[in-house]
There are 2 protein chains.
Amino acid sequence: MKMWDLAAAEDDRRFSPYCWRIKMALAHKGLEVETIPWRFTDKEAIAASGQDKVPVLQDGQVIVHDSWEIARYLDEKYPAQPLFEGAQARSLAYVFKFWVETALYQPIVRAIILDLFATIHEKDKAYYRESREKRFGRTLEEVGADPKGAIQAFRTALLPVRQQLVQQPFVCGAKPAFADYILFGVFQWARAVSPQRLLEPDDPVFAWRERMLDLHGGLARNAKGYPVWA
Amino acid sequence: MKMWDLAAAEDDRRFSPYCWRIKMALAHKGLEVETIPWRFTDKEAIAASGQDKVPVLQDGQVIVHDSWEIARYLDEKYPAQPLFEGAQARSLAYVFKFWVETALYQPIVRAIILDLFATIHEKDKAYYRESREKRFGRTLEEVGADPKGAIQAFRTALLPVRQQLVQQPFVCGAKPAFADYILFGVFQWARAVSPQRLLEPDDPVFAWRERMLDLHGGLARNAKGYPVWA
């Protein structure tokens, strides 16, 4: 298998939360993958997927894009070590995904966007600034003007998962599954590009993140990024 | 089975979102229950549960309180027609519950609190005002000062479930289960006490609510409350 994986200036600094979902999911299933560093402006490289965003997974002759569709594809094609326990868990994980992408992405973007912008490849900078400033209706500098306030908002927004993580080790219960990888993508995104401290060590979410960093032979901990205690 | 169920001035106006979760869950399992109208100040009546909030369920010699604990109890004692597909679905439903109780309760309380206060039993009014004003740090009138703004915030906050409900008929997928009842409790709470229009008819959440109102022989639709098209 091959996967196109968003990289920063350095080939081995991989920061996409969507790509992290899939790298963790592949490791969860014990599937090997070759990840290919990709930049926002490398649209040609993934044209065969019929769209212009990563992750894109190539499995033999099959090309799948969109992290949610890739997760579903993986559970169908490789049912051992499922990412979803069944249809109800998958439906609730889908709601969870949209919660993460609204309640958490908004503050995390405000917290890390300037660190991220400093880290991405030179050839991506004009594209990134233009597309994000259009999306947010503000300059990157305005979006990122109050990272401390954004981190406070992020911690507050974590409440629903914090309540679960005082009861059980993972979002999905005793064992991690795709909803954990969805949430964890947010933290790997930040860790790859920003030295800021997102969580206090006494936060139950901090202990969960430690467990996630240790999973699958330390796949995420060994990836290039800032120490989480910084 | 018996269940103590929060009532307004009228015995048959039942508005607790937590009690609605359990009435729907019992109907889901085809279990009969006698519901006993209860008011906030009837602490004595449920003293055997060791605490002072409803729902309280009595099943033979067993007394269970807290809607989440009751749902777990029901799935354990009466496993047919499960409320949770398995441990992963239950964990994700638990996260969902805290999302509902933070992201949705806050705007819905601001939208309906004055209607609710007008509806509750005279003997509860002093208790309700004092306990809620202490909790919110504001008068009821201040909390409820902008119901239109609160309804807008409520609609916006529904985004994660709306994304699911454009794909599938229920929060839990093809069939309703406990997470649906958790969300639906919010709407029955409002419908019991307030004539305000919470949803526009073209909202996918509106169509879901219609399906929920029809479930189990129209249990919720036939309960005393305001028409949802008001």
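Residues numbered from 1 in each chain as written. Chains lettered and ligands numbered in written order. Predicted model: local features only at pLDDT ≥ 70, side-chain atom pairs only at ≥ 80, totals over all residues.

Help me out: how do you make sense of the relation of the copies chain B and chain A in this one?
Each of the two chain copies can be brought onto the other by rotation about an axis and movement along it. If you rotate chain B by 180 degrees and push it 0.0 Å along the axis, it lands on chain A with an RMSD of 0.0 Å. Such values leave the two copies arranged in the relation of a two-fold axis. Minimal C-alpha separation from the rotation axis in chain B is found for Ala89(B), amounting to 2.1 Å. By residue overlap, the copies meet face to face through one surface: 100% of the interface positions of chain B are interface positions in chain A. (Least-squares fit on C-alpha atoms with pLDDT ≥ 70 in both. Contact = placed C-beta atoms within 7 Å.)

Looking at this structure, I do not really get the interface of chain B and chain A. What am I missing?
When the parts come together, some accessible area is lost, and that loss is often what is quoted as the size of the interface. Listed per partner, the contact involves 26 residues of chain B and 26 residues of chain A. At twelve residues, the largest contribution of residues to the side of chain B that touches chain A is made by helix α3 (residues 87–119) of chain B. Grouping the constituent residues of the side of chain B that touches chain A by class yields 17 nonpolar, eight polar and one charged. (Helix = DSSP H or I, 4+ residues; strand = E, 2+ residues; numbered from the N terminus. Nonpolar A, V, L, I, M, F, W, Y, C, P; charged D, E, K, R; others polar.)

Please clarify how helix α8 (residues 178–193) of chain B should be interpreted in this entry.
Note on helix geometry: an α-helix contains 3.6 residues per turn, so any two residues three or four positions apart are oriented the same way. Residue and element names in this part refer to chain B. Along its 16 residues, α8 runs 23 Å from first to last C-alpha, staying within 8% of the 22 Å computed at 1.5 Å per residue. Maximal helix bending in α8 amounts to about 30 degrees, located at Phe184. With 16 of its 16 residues buried, α8 lies for the most part within the structure. (Expected span 1.5 Å × (residues − 1). Bend = angle between axes of the 7 residues up to and from the residue. Buried ≥ 20, exposed ≤ 12 C-beta atoms within 10 Å, placed from the backbone.)

When you look at the sheet that holds strand β1 (residues 2–6) of chain B in this model, what are you seeing that I'm missing?
Two orientations exist for strands paired in a sheet by backbone hydrogen bonds: parallel and antiparallel. All names here are of chain B. Read across the open sheet, the four strands follow the order β2-β1-β3-β4; overall the sheet is mixed. Each having just a single partner strand, β2 (34–38) and β4 (62–65) make up the two edges of the open sheet. Between one strand and the next, the sheet's axes are offset by a mean angle of 20 degrees, whatever the strand orientation. (Pairing = 2+ DSSP bridges. Axes fitted to C-alpha atoms, helices over the stretch in contact; angles between N-to-C directions.)

Looking at this structure, I do not really get the pairing of strand β3 (residues 56–59) of chain B. What am I missing?
Each regular strand shows side chains that alternate between the opposite faces of the sheet. Residue and element names in this part refer to chain B. Here β1 pairs with β3 via three bridges, running antiparallel. Paired with Lys2 across the two strands is Gln58, which belongs to β3. One ladder, built from four bridges, connects β3 with β4; its direction is antiparallel. Counted as the bridge partner of Gln58 is Ile63 from β4. Counting the residues between successive antiparallel strands, the hairpin from β3 to β4 contains two residues, one of them, Gly60, with a positive phi of roughly 65 degrees.

What exactly am I supposed to notice about the sheet that holds strand β2 (residues 34–38) of chain A here?
Residues and elements named next belong to chain A. Taken in spatial order, the four strands make up an open sheet running β2-β1-β3-β4, and their pairing is mixed. Pairing within the sheet leaves two strands with one partner each, and these edge strands are β2 and β4 (62–65). Sheet twist, expressed as the average angle between the axes of neighbouring strands with direction ignored, equals 20 degrees. The pairing of strand β1 (residues 2–6) with β2 spans five bridges and is parallel. Paired with Trp4 across the bridge in β2 is Ile36.

Looking at this structure, how should I read the packing of helix α1 (residues 17–28) of chain A against helix α2 (residues 67–77) of chain A?
A packed helix pair is summarised by two numbers, namely the angle formed by the two axes and the spacing between the axes. All names here are of chain A. Between α1 and α2, the least distance of the axes is 9 Å, while the angle of their chain directions is 10 degrees. Taken as axis vectors, α1 and α2 run roughly parallel relative to one another. Where α1 crosses over α2, the two elements pack in a sense that is right-handed. Residues Tyr18, Arg21, Ile22 and Ala25 of α1 pack against Ser67, Ile70, Ala71 and Leu74 of α2. For the contact of α1 with α2, the class distribution of residues is six nonpolar, one polar and one charged. (Parallel < 35°, antiparallel > 145°, perpendicular 65-115°, else oblique. Left-handed = near helix turned anticlockwise from the far one by under 90°.)

Just to check I follow, could you spell out the domain arrangement of chain A for this structure?
Residues and elements named next belong to chain A. By domain assignment, chain A separates into domain 1 (2–77) and domain 2 (87–218). Taking only C-alpha atoms into account, the centre of domain 1 sits 19 Å from that of domain 2. Of all elements in the fold, only α1 and α2 reach the threshold of two or more residues within the side of domain 1 that touches domain 2. Looking at the side of domain 1 that touches domain 2 residue by residue, the classes come out as twelve nonpolar, three polar and four charged. (Domains from an automatic or database assignment.)

Even after reading the chapter, I still don't get unusual backbone geometry, so can you show me in this structure?
The phi angle of most residues is negative, glycine excepted, and most peptide bonds adopt the trans form. Residues and elements named next belong to chain A. Here the residue pair Val54 and Pro55 is connected by a cis peptide bond, since its omega of 5 degrees sits within 30 degrees of zero. Mapped onto the secondary structure, Pro55 falls in the loop between β2 and β3 (56–59). Phi at Gln81 takes a positive value of approximately 50 degrees, unusual for a residue other than glycine. Looking at the element boundaries, Gln81 is found in the loop between α2 and α3 (87–119). Even without being glycine, His216 reaches a positive phi, approximately 50 degrees. Mapped onto the fold, His216 is located in helix α9 (residues 204–218).

Please clarify how the packing of α1(A) against helix α8 (residues 178–193) of chain A should be interpreted in this entry.
Residue and element names in this part refer to chain A. At a minimum axis distance of 8 Å, the contact between α1 and α8 shows a crossing angle of 130 degrees. One way to sum up the angle between α1 and α8 is to call them oblique. The interaxial crossing formed by α1 with α8 has right-handed handedness. Along the contact surface, α1 presents Pro17, Tyr18, Trp20, Arg21, Met24 and Ala25, while α8 presents Phe178, Tyr181, Ile182, Phe184, Gly185, Val186, Gln188 and Trp189. Counted by class, the contact of α1 with α8 contains eleven nonpolar, two polar and one charged residues.

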